[in-house]
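# Architecture at a glance
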Amino acid sequence: MIPVWKWFPPRKKRPPKRISVSAVQDKPLVKLVDSIIADAIRMGASDIHFETYEKRIRVRFRHDGDLREMAPLPYKYRAAIVSR
C-alpha cells in the first residue's frame with residue numbers, strides 16, 4: 001500500500017503577495033472612508049456610526065452627545081466600507 005502523502009506532491013509555498021500602500025490608498029472607496037474619518041476628526045466627533053439599510057448606508061457622527069447625519073452612501077459599497 002502506498003502512503004497517502006506520496007499521492008499528492010507537496011505544494012510549493014508562494015511568497016505573500018505584496019500590495020503597496022499607495023496602490024491601496026488610490027482606490028476611491030479608501031479615499032471616501034478616509035475622508036469620512038477626517039471629517040469626524042475635524043468636527044470633534046467621538047463616534048462614527050455606519051447603519052446599513054436596504055438601499056443605503058446611513059453615516060452619523062456623535063458630537064456633544066448628538067448624532068448628526070451625514071450624506072448617505074449607496075448600499076452596493078457596504079462590503080468594501082465595512083472591510084476598510
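Per chain, the residues get numbers from 1 upward, laid out in the order the sequence is written. With the structure being a predicted model, the display of local features is reserved for residues of pLDDT at least 70 and the display and counting of side-chain atom pairs for 80 or more, all residues being used for whole-chain, interface and lining totals. In computing side-chain properties, one takes all heavy atoms of the structure into account and sets aside hydrogens as well as water.

## Focus on the overall build of the chain
For helices the rule is a DSSP run of H or I covering at least 4 residues; for strands it is a run of E covering at least 2, with both sets numbered from the N terminus onward. Scanning the chain for helices and strands turns up three helices and four strands. Its helices and strands taken in sequence order, the chain reads α-α-β-β-β-β-α from the N to the C terminus. Here the chain holds 84 residues, and the buried ones make up 15% of them. Taking the intrachain contacts of the chain between residues at least 6 apart in sequence as the baseline, contacts between residues at least 24 apart amount to 19%. With an accessible surface of roughly 7,500 Å², the chain has 57% of that area assigned to carbon and sulfur atoms. Here's how the labels work: a residue is buried when its accessible area is under 20% of the maximum for its type, exposed when over 50%, partly exposed in between, all with a 1.4 Å probe on protein chains only. Two residues qualify as a contact provided that any one of their heavy atoms is within 4.5 Å of a heavy atom in the partner residue. Only the protein chains shown count as cover for residues, and the accessible areas themselves come from Shrake-Rupley with a 1.4 Å probe.

## Structural notes on the pattern of salt bridges
For this document, the term salt bridge refers to a Lys or Arg side-chain nitrogen within 4 Å of an Asp or Glu carboxyl oxygen. This structure, assessed with the given rule, holds six salt bridges. Across the pair Arg-42 and Asp-39 runs a salt bridge whose closest N-O atoms are separated by 2.6 Å. Taken together, the positions of Arg-42 and Asp-39, both in helix α2 (residues 28-43) and three residues apart, correspond to about one turn of that helix. Of the charged contacts in the structure, one is a salt bridge between Arg-62 and Asp-47, with a shortest N-O distance of 3.1 Å. Placement of the pair is Arg-62 in strand β2 (residues 56-63) and Asp-47 in strand β1 (residues 47-52), with a sequence separation of 15 residues. Judged by relative accessible area, Asp-47 falls into the partly exposed class, the value being 29%. Connected via shared salt-bridge partners are Glu-51, Arg-56, Arg-58, Arg-60 and Glu-69.

## A closer look at α2
Given a rise of 1.5 Å per residue, 16 residues ought to cover 22 Å, and the 22 Å separating the end C-alpha atoms of α2 matches this to within 8%. Burial in α2 covers these residues: Val-30, Val-33, Ile-36 and Ala-40. Along the long axis of α2, the arc covered by the buried residues comes to 125 degrees, so they all point the same way. Residues of α2 that are exposed and point over 90 degrees away from its buried face: Pro-28 and Arg-42. Multiplying one less than the number of residues by 1.5 Å gives the expected span of a helix. What the arc measures is the spread of directions leading from the helix axis to the C-beta atoms.

## Notes on the pairing of β2
Along β2, six of the eight residues are buried, which leaves the element largely enclosed by surrounding structure. With six bridges connecting them, β1 and β2 associate as antiparallel partners. Counted as the bridge partner of Thr-52 is Ile-57 from β2. Paired strands are those between which DSSP finds at least two bridges. Once β1 ends, the chain turns through three residues before running back antiparallel as β2. As paired elements, β2 and strand β3 (residues 66-69) share four bridges and run antiparallel to each other. Considered in β3, the bridge of Phe-61 is made with Arg-68. Two successive antiparallel strands, β2 and β3, enclose a turn made up of two residues, where Asp-64 displays a positive phi of approximately 55 degrees.

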